[in-house]
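Each chain, written out:
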Amino acid sequence: MRKEPEREEAALFDLHHCRLCPRDCGADRASAPGFCGAGMRARIALVSLHPWEEPCLTGAQEKGAGTVFFSHCNLKCCYCQNHEISHGGKGIEVTDERLAAIFLEQQARGAATLDLVTPRHYVPQILHALKLARAKGFSLPVVYNSSGYEKAALIRALAGFVDIYLPDLKYADDASAIAYSRAPKYFETASKALLEMFRQTGPAVFDAEGQMRRGLLVRHLVLPGHRHESMKLLDWLSRTFHDEIQIALMNQYTPMYRAAEHREINRRLTTFEYESVVDHARALGITHAYVQERRAASKEYVPVFDGRGVEENS
């Protein structure tokens with residue numbers, strides 16, 4: 001009865017003709033990287049205990065989420081704060097066995113969750129590593145932290161491996177997605193992926209200490225001059241998921257990297273713009289939402305991608 005799903009997964013995971021993401025670039029990653037820049041092995045820029053994720057992911061003891069920052073990305077966001085790894089590819093290649101060891105090391109450090117940051121283009125390697133780690137006692141909740149520009153088929157393949165989905169929902173309008181991230185049909189694609197994520201997890205589940213154990217937490221970064229687009233996304237989230245998911249409304253936009261090429265977003269977000277989006281969420285009856293103070297918009301919160309924790313004994 002599993003033959004058809006297994007055949008679909010094998011085709012999806014064929015890195016000699018890569019179609020893991022919506023770009024369907026078809027690259028043979030053994031000889032040259034695809035659109036995203038990734039090769040055959042996972043490349044990692046930083047392994048850390050990250051205290052600045054949402055409180056439900058960092059744990060009651062506030063040790064932090066066990067982040068693993070993967071290099072490369074299938075989006076080309078002109079304002080990306082992590083551009084040196086997402087666009088530049090800074091990082092260190094690891095085997096699947098080393099990746100499994102990193103997962104176990106994060107658990108040993110006391111991480112509240114295993115937070116896989118921008119993992120999509122390494123899903124086959126990650127799933128293999130998770131199997132290896134589980135055989136040695138790995139048990140942390142796994143967080144799939146992504147841009148949202150995902151194939152629903154890839155999300156289906158993650159069933160049984162991911163406990164918490166943490167996608168961005170960046171754009172409602174195709175013009176914005178193309179201009180700022182070179183991502184045609186972003187909302188059409190991301191909305192299908194989010195539906196599959198929720199199908200797997202159902203309503204959010206928390207333990208007695210308030211840590212999320214299962215569910216969907218959607219992040220949205222409010223862009224300057226685009227508050228009405230943010231409101232359209234909230235309308236869809238409210239209509240689709242009611243109040244059964246968590247939402248993080250992010251106030252941290254900082255014009256970095258190549259944002260200056262687009263005058264309309266080459267500035268900070270105003271208090272009015274952000275608060276009008278928050279007020280719209282309240283008017284929709286959304287109660288499970290994180291909001292940020294203005295001081296979150298700072299380069300100080302960008303991690304230093306120095307390869308810590310990637311190599312053995314580092």
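Residues numbered from 1 in each chain as written. Predicted model: local features only at pLDDT ≥ 70, side-chain atom pairs only at ≥ 80, totals over all residues. Heavy atoms only, no water.

This part covers the nonpolar core. Y79 and F103 are the most contacted members of the largest nonpolar core, which totals 80 residues. Contacts of F103, omitting those with residues within four sequence positions, involve V68, L114, L116, I126, A129, L130, A133 and F138. (Core = buried A, V, L, I, M, F, W, Y, C linked by side-chain atoms within 4.5 Å. Buried < 20%, exposed > 50% of the residue type's maximum accessible area, 1.4 Å probe, protein only. Contact = heavy atoms within 4.5 Å.)

Even without glycine at this site, T118 takes up a positive phi of about 55°. Tracing the backbone shows T118 in the loop between β4 (114-117) and α5 (123-134). Its relative accessible area of 19% is what places T118 among the buried residues. Of note, the phi angle at K185 is positive, near 60°, even though the residue is not glycine. By the secondary structure assignment, K185 is in the loop between α7 (174-181) and α8 (186-201). (Helix = DSSP H or I, 4+ residues; strand = E, 2+ residues; numbered from the N terminus.)

Once that is clear, we can look at the packing of aromatic side chains. This model, assessed by the stated rule, comprises eleven aromatic pairs. Where F69 meets F305, the ring centres are 5.4 Å apart and the plane angle is 70°; that geometry is what we call edge-to-face. Here F69 is found in strand β2 (residues 65-70), whereas its partner F305 is found in the segment after β10 (289-291), with 236 residues between them in sequence. Residue F69 shares its accessibility class with F305, and that shared class is buried. Pairing Y171 with Y180 gives two aromatic rings, centres 6.5 Å apart and planes at 40°, and the pair type is tilted. Here the two residues Y171 and Y180 agree in accessibility, since each one is buried. A network of ring pairs unites the aromatic residues Y149, Y171, Y180 and Y186 as a single cluster. (Phe/Tyr/Trp six-rings, centres within 6.5 Å; stacked < 30°, edge-to-face > 60°.)

Attention now goes to the pairing of strand β1 (residues 42-50). In terms of residue burial, β1 counts as a mostly covered element, since seven of its nine residues are buried. The pairing of β1 with strand β3 (residues 92-94) spans three bridges and is classified as antiparallel. Bridge pairing links R43 to E93 in β3. Two strands pair when backbone bridges link them, and β1 and β2 are joined in this way by six bridges, in the antiparallel orientation. Opposite S48, over in β2, you have T67 as the bridge partner. (Pairing = 2+ DSSP bridges.)

These figures come from the coordinates and say nothing about function on their own.
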